[in-house]
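# Remarks on the overall topology
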Amino acid sequence: MSTSHKDIIILGIESSCDDTSAAILQNGNILANIIAGQQVHVDYGGVVPELASRAHQQNIIPVVDKALKEAGVSKEELTAIAFTRGPGLLGSLLVGTSFAKSLALALQLPMVEVNHMQAHVLAHFIKEKDGSGTSPGFPFICLTVSGGHTQIVLVRDYLDMEVVGETIDDAAGEAFDKVAKIMGFPYPGGPLVDRHAKEGNPTAFSFTHPKVDGYNYSFSGLKTGFLYFLRKEVQANANFVEEHKNDICASIQHTIVSILLRKLERAMQDFGVTEVAIAGGVSANSGLREAITALGQQKGWKVHIPKFEYCTDNAAMIAITGHYKFLQHDFAEQDLVPMARMKI
Ligand code: KG4
Ligand code: ZN
């Protein structure tokens, strides 16, 4: 890749949960986005923090090295290093943060700290290598739905965001993963529910919607309701799950998506916004993608759906956030510490 001294070349590092990722952006255009997942958690039915931290330590150097090689950029050509400061698992965040600090110190580069949730939203501004790509116009509303968060975010500018609604208990991704676990699917079960739902009837079974104030969400009641529903059905027919797998998945997915869109629709209307985006792991869900596209057509909204590789955790979104913060000269100091909880 040819670079000039005027280029802004950002190395992004993400290590907040169970994916180790490094990405290179040149003036906002993606040159590389390498992601190493972690298989060690599958047997435990969820992410084990200590194992995640150890796996990050093993993966971080090879992942960064691979990103630089794929981008054709030498570390001396980097302009700045952006890294996830939080929110996330502390042991995981420590690996990325410490690595970013040491590399910045060795190369004498500025560092930029990134909020993971802000980065999920800004993933919509990553451009292709040739500079192509369509991004939302301000203001827009972003529904960020991941394994740890569910938020309705009013986005006024790149770095001017307000969370106007969020879950008061479980996240949407957690709801997907928990119902999947109850059905006996391996972790993370969200993508499997999606796959089975494609073959099923979304109105075969119905589940109660929660009653929560404002633009907030709740998913813990749905999980409990689902558990009691299955228990009752399995008592009557031991093969119930096996015989109705697709319909169960389609129905629960339809319920989660309807809950998400009902509040989103209200927020869009109340804030008078006409552009909407989805972000986070659950934005990969085909039911959500189809439903928001249809709702957008009906309401006259411009709908922005991210590419699959930018839905789940990735460092490209960290690098693009780093790019915009770099432009504002918003740099991090060497004494900075990661934060497990961090507000947008
Ligand atoms: O954003 P993400 O990679 O990590 C967090 O920051 O949490 O999101 C992971 C979550 C998991 O709960 C996973 O089951 C869910 O996103 N997910 C899906 C799909 N793909 C990923 N849920 C439903 N349908 C999918 N296709
Ligand atoms: Zn995430």
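A brief report on the enclosed structure follows. (Residues numbered from 1 in each chain as written. Chains lettered and ligands numbered in written order. Predicted model: local features only at pLDDT ≥ 70, side-chain atom pairs only at ≥ 80, totals over all residues. Heavy atoms only, no water.)

### Comments concerning the overall build of the chain
When its secondary structure is counted, the chain shows nine helices and 10 strands. Projected onto its principal axes, the C-alpha coordinates of the chain cover approximately 70 × 45 × 35 Å. For the chain, the residues scored as buried account for 53% of the 344 residues in total. Taking as baseline every contact in the chain between residues at least 6 positions apart, the subset at least 24 positions apart corresponds to 73%. By element, 50% of the accessible surface of the chain is carried by carbon and sulfur atoms, the whole surface being about 15300 Å². Charged side chains in the chain number 29 positive and 37 negative. The centres of these two groups are separated by 2 Å. (Helix = DSSP H or I, 4+ residues; strand = E, 2+ residues; numbered from the N terminus. Buried < 20%, exposed > 50% of the residue type's maximum accessible area, 1.4 Å probe, protein only. Contact = heavy atoms within 4.5 Å. Areas by Shrake-Rupley, 256 points an atom, 1.4 Å probe, with all protein chains shown as cover. Lys, Arg positive; Asp, Glu negative; His and termini not counted. Charge placed at Lys NZ, Arg CZ, Asp CG, Glu CD.)

### Points about the sheet that holds strand β8 (residues 160-166)
In space, the five strands of this open sheet follow the order β8-β7-β6-β9-β10, with mixed pairing throughout. With partners counted over all chains shown, the strands left at the sheet margins are β8 and β10 (302-304), one partner each. Strand-to-strand twist in this sheet, taken as the mean axis angle between neighbours without regard to direction, amounts to 25 degrees. Here strand β6 (residues 140-145) pairs with strand β7 (residues 150-157) via six bridges, running antiparallel. By the bridge assignment for β7, I141 is matched with L154. Against the sheet, helix α7 (residues 240-271) makes contact with β6, β7, β8 and β9 (275-279), and its axis sits at roughly 160 degrees relative to β6, the strand it touches most. Helix α8 (residues 286-299) contacts β6, β9 and β10 of the sheet and is inclined by roughly 175 degrees relative to β9. (Pairing = 2+ DSSP bridges. Axes fitted to C-alpha atoms, helices over the stretch in contact; angles between N-to-C directions.)

### Regarding the sheet that holds strand β1 (residues 9-14)
Adjacent strands of a sheet pair through backbone hydrogen bonds, lying either parallel or antiparallel. Strand order in this open sheet of five strands is β3-β2-β1-β4-β5, and the pairing throughout is mixed. Of all strands in the sheet, those with a lone pairing partner are β3 (29-36) and β5 (111-115), marking the two edges. For this sheet the average axis-to-axis angle between neighbouring strands, irrespective of direction, equals 20 degrees. Bridge count between strand β4 (residues 80-86) and β5: five bridges; the pairing is parallel. By the bridge assignment, I81 is partnered in β5 with M111. In this fold helix α2 (residues 90-107) packs onto β1, β4 and β5, with an angle of close to 155 degrees to the strand it touches most, β4. Relative to the sheet, helix α9 (residues 316-327) contacts β1, β2 (20-26), β3, β4 and β5, its axis offset from that of β1 by approximately 130 degrees.

### Let's talk about the packing of aromatic side chains
On inspection of all chains with the given rule, the structure shows 16 aromatic pairs. Their ring planes at 85 degrees and their centres at 6.3 Å tell us that F125 and Y324 sit as a pair that is edge-to-face. One end of the pair, F125, is in the loop between α3 (116-122) and β6; the other, Y324, is in helix α9, with 199 residues separating them in the sequence. The interplanar angle of 50 degrees and the centroid separation of 5.7 Å between the aromatic rings of F207 and F226 together place this pair among those described as tilted. With F207 in the loop between α5 (190-197) and α6 (220-236) and F226 in helix α6, this pair connects stretches of sequence that are 19 residues apart. Pair check on accessibility: F207 and F226 agree, each one buried. Members of the aromatic cluster, connected to one another through ring pairs, are F125, F138, F140, Y158 and Y324. (Phe/Tyr/Trp six-rings, centres within 6.5 Å; stacked < 30°, edge-to-face > 60°.)

### Observations concerning helix α1 (residues 49-71)
Given a rise of 1.5 Å per residue, 23 residues ought to cover 33 Å, and the 31 Å separating the end C-alpha atoms of α1 matches this to within 8%. Residue N59 marks the point of greatest curvature in α1, where the axis turns by about 40 degrees; the proline P62 follows within four residues. For α1, the full list of buried residues reads A52, S53, A55, H56, N59, I60, V63, V64, A67, L68 and A71. Tucked into the core, α1 has its buried residues touching β1, β2, β3 and α2. Remark: G72 follows α1 within two positions and exhibits a positive phi of approximately 70 degrees. (Expected span 1.5 Å × (residues − 1). Bend = angle between axes of the 7 residues up to and from the residue.)

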